[in-house]
Every structure is written in structure tokens, then in C-alpha cells.
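Spelled out, the chains give:
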Amino acid sequence: MNNEVHTNRLESEIAGWNSKEDRLKKLFKSSSSLENSLLKEKLRFYESILLKYKNTNQLDERTALQIIRNERNTLIKKIYPDRFRQYFYKLMSKIVVERINAQKESREELKSNQLLKDNLERTGFKDAYNKVDRYMRLGQDKFTVPISYYLNEHDQMNHSLHFIKNEQGHYDFKGFNSSLHHQNGNNETRQYYFNVEEVKAFNSEQAYELLSGRAVLTAGTWKQLDFNQKGVDNNYQLKEFHESYGFNIEKSVSELFLKTSDQSEINSLIDSLKEGRREAVTLTKEGTECKVYIEANPQNKCLNIYNENLRKVTVESLFRVKRDVPLKLQSSLKLEDNKVKSKCRKI
């Protein structure tokens, strides 16, 4: 995860007040009540700053808050010389501030939790919110929520959702790590960390498609993991193919011999391919039907086509006309033709 650069927010707040104070002094320089009015206004400003940033974890801001507390106490003594009035102001201020603070905290917590819930739902982790809520109630500065499930008898997805407490004491969804474990002969596992920016672009389903080696279209750009390259963070490199690269999936689909001519079905197919899915379709040519699987291949500006055994084939091999093949070669091609045309039948 990227290191965040923090700035002292109190500096800009205090600079803004000082500028405002200078303008008021010039504007009302002949007023006899100006000084007392400015002192009361400054006291209210200090109270609001202490309330606004009371949960900050930044050391320089905490130091600035301590100085402001001392300045506030000095102002109270100056505005209310009588000790009883000082005590009464502090008591009333505490009651009012605590009430305002409780109402504000309640509103902000509800808003923050709803935003977090929406982010989890958008990224495909809606069912994880109850577990996340239990962790938030523990009050830890950061925590990780594990999620694991099987997609089929061979593929298992594991996610680790990362959360961190922000300056306001609420929790932000900072990213998730996804790993795909394929229980084949090699028991292969691939994993990728989706940072806070990538969380806005990808969801859990797209994470599976990416880890399966397929490309996903997001914000007008095709993206695909490069399993041969890793960055300094040990994450796979993300290959990008922009619109100017020249892959036109609509054109590629239109060049297939799709059985369906229903445009709504074709549009749904294209939308699914853009999500990175591998889709089953039926092709038909010269009276022959053939069921295959297709997926987008933006790097090579084409569609990958697979037979029922998920072996890559071409349209030409699927609809090869045997009568054009010499008799001597027909026997050697028979087995391969049966494999790629095992789903084919005469209409």
C-alpha cells in the first residue's frame, strides 16, 4: 500500500482565522467593542477546532491542539475575569459541546458506515458487512476480514479485506487481496492486491476473471494481469490496452458465425465478455452447429475460442470441410476433428 503524505490541517485553519482577524481589525479599527468581540469570536473558533480535530492521530496536530487548549484557557480568563463566570462558562461549554459532539458523531458514524456498506456491496462483498461491523466495534486501528469460498470443485477464491481507522475515528475500506487456488495437478495459486484506487474499478467477480488470466474492460480500457512480470510490491503487473490500441470487441463478435441474430442477446454477450467472463455460444455455418466457449483477447485483438474440453481452436478448424482433404490425410485428422467437433451436429 502507498504511504500517505500528511499535512497539518490546523495550520491552514489558523492561518485562515488570522487573515480574517486582520481584515476585521482594519474594517472596524475605530470600534471600541472590537477587541472584546474578537476575543469571543476567537474563543468560539478555538472551541470548534478542538471539537473538529479531537480524534487526530497526527503528532504535529496533537501538539497544536494542546497549544490551542492553553490559548483557549487564557482567553476564558481574559473575557471572564470572575472565577465563577469562568467556571460557569466551562461547565455550560462542556455540556453543549458534549451534546453537539454526540449528535455529530452519531450522524457521521451512520454516514460513514453506510458509505462503507455501499463500497462493500459494489465490490461484491455485501455479505461481509456484519463481520466487518463486529471488527469495527472492537475499536482497533486496523483489521483484516478473511473471506473464502469455492467457485466449483477445482477453483477456490480467498479474499482478505483491509480496513483502517481514519482521522475522524471511522473506518475506510483500503483494498483487498485476492487469491485463486486451482486444485489441478500443479495446485496453482495466483494472488493480487487491489489497492484503494483499484477497488473503485474492480469487484470480486472481476478479480476472479483477472486471476484466471482473462481481460476486463473498465473505464474504457482493457486490463489484464501479466503473470510473467511483478512489481516492487510483489504484485503482478497490470497490462492496459486503451481504445486507441485498436481492439474492437463488437466487430470481433460480429465476425463470428453466431446462431442467434437477436441483437439484445448479442449485446448481453458483449457486455459479459467486457466483464472478463468466458461465455458459451453456438456457432453455425453451412448447415453445421457447434457449441464453443469464447473470451476477449485484447492484446491480440481477437476472441479466444475453446472447444468443450477447453482446448483453444479456430473457427476454420471447427468448420473444416473434409471433402477438401486428401483421402490419405483424412484418417490422421479424424481424431482431432472429432475433438473439436464433438459438439457439432447437422441441422
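This text goes with the structure placed above it.
Keep in mind that what you see is a predicted model, and the values were worked out from it rather than measured. (Residues numbered from 1 in each chain as written. Predicted model: local features only at pLDDT ≥ 70, side-chain atom pairs only at ≥ 80, totals over all residues. Heavy atoms only, no water.)

Participant: Hey, could you run me through a nonpolar patch on the surface in this one?
Facilitator: On the surface, a cluster of nonpolar side chains totalling about 620 Å² of accessible area is made up of Phe84, Tyr87, Phe88, Leu91, Met92 and Ile95. Residue placement: Phe84 occurs in helix 4 (residues 83-122). Among the residues examined, Phe84 registers a relative accessible area of 59% and is labelled exposed. (Patch = residues over 30% accessible without salt bridge, like charges linked within 9 Å, V, L, I, M, F, W, Y side chains within 5 Å. Areas by Shrake-Rupley, 256 points an atom, 1.4 Å probe, with all protein chains shown as cover. Salt bridge = Lys/Arg side-chain N within 4 Å of Asp/Glu carboxyl O. Helix = DSSP H or I, 4+ residues; strand = E, 2+ residues; numbered from the N terminus. Buried < 20%, exposed > 50% of the residue type's maximum accessible area, 1.4 Å probe, protein only.)

Participant: Can you help me understand the packing of helix 2 (residues 34-52) against helix 3 (residues 59-79) in this one?
Facilitator: Any two packed helices are characterised by the angle at which their axes cross and by the distance between the axes. At a minimum axis distance of 10 Å, the contact between helix 2 and helix 3 shows a crossing angle of 145 degrees. When the axes of helix 2 and helix 3 are compared, the crossing they make is left-handed. In this structure, helix 2 uses Glu35, Asn36, Leu39, Lys40, Lys42, Leu43, Tyr46, Glu47, Ile49 and Leu50 to contact helix 3, whose residues at the interface are Leu65, Ile68, Arg69, Glu71, Arg72, Leu75, Ile76, Lys78 and Ile79. A breakdown of the residues in the contact of helix 2 with helix 3 according to their chemical character gives 10 nonpolar, one polar and eight charged. (Axes fitted to C-alpha atoms, helices over the stretch in contact; angles between N-to-C directions. Left-handed = near helix turned anticlockwise from the far one by under 90°. Contact = heavy atoms within 4.5 Å. Nonpolar A, V, L, I, M, F, W, Y, C, P; charged D, E, K, R; others polar.)

Participant: Is there a simple way to explain the sheet that holds strand 3 (residues 171-182) in this structure?
Facilitator: The strands that make up a sheet pair up through hydrogen bonds in the backbone, lying either parallel or antiparallel. Spatial strand order, 1-2-3-4: four strands in an open sheet with antiparallel pairing. The sheet terminates laterally at strand 1 (142-150) and strand 4 (188-194), the two strands that pair on one side only. Across the sheet, the mean angle separating the axes of adjacent strands is 15 degrees when strand polarity is ignored. By the bridge criterion, seven bridges tie strand 3 to strand 4 in an arrangement that is antiparallel. In the sheet register, Asn177 faces strand 4, and the bridge partner there is Tyr193. Docked against the sheet, helix 5 (residues 129-137) engages strand 1, strand 2 (155-165) and strand 3, running at close to 160 degrees with respect to strand 1. (Pairing = 2+ DSSP bridges.)

Participant: What am I meant to see in the sheet that holds strand 6 (residues 221-230) here?
Facilitator: In spatial order, the strands read 5-6-7; together these three strands make up an open sheet with antiparallel pairing. Either end of the sheet is taken by a strand with one partner, and the two such strands are strand 5 (216-218) and strand 7 (236-241). The sheet shows a mean angle of 45 degrees between the axes of neighbouring strands, taken without regard to direction. Of the strand pairs in this sheet, strand 5 and strand 6 are connected by three bridges, and their pairing is antiparallel. From the neighbouring strand, Thr218 faces strand 6, where its bridge partner is Thr221. Of the strands in this sheet, strand 5 and strand 6 are in contact with helix 7 (residues 204-211), which crosses strand 6 at around 50 degrees.

Participant: Looking at this structure, how should I read the packing of aromatic side chains?
Facilitator: Given two aromatic rings, their pairing is described by the distance between the two centres and the angle made by the two planes. On inspection of all chains with the given rule, the structure shows 15 aromatic pairs. Between the aromatic rings of Tyr135 and Phe143, the centroid separation amounts to 5.2 Å while the plane-to-plane angle is 10 degrees, which identifies the pairing as stacked. Among the residues examined, Tyr135 registers a relative accessible area of 27% and is labelled partly exposed. Ring centres of Phe176 and Phe194 lie 4.8 Å apart, and the angle between their planes is 20 degrees; this geometry places the pair in the stacked category. Remark: Phe194 occurs in strand 4 and Phe176 occurs in strand 3; sequence separation between them is 18 residues. The pair formed by Phe176 and Phe194 is uniform in burial state, with each residue classed as buried. Members of the aromatic cluster, joined through ring pairs, are Phe125, Tyr135, Phe143, Phe163, Tyr171, Phe173, Phe176, Tyr192, Phe194 and Phe202. (Phe/Tyr/Trp six-rings, centres within 6.5 Å; stacked < 30°, edge-to-face > 60°.)

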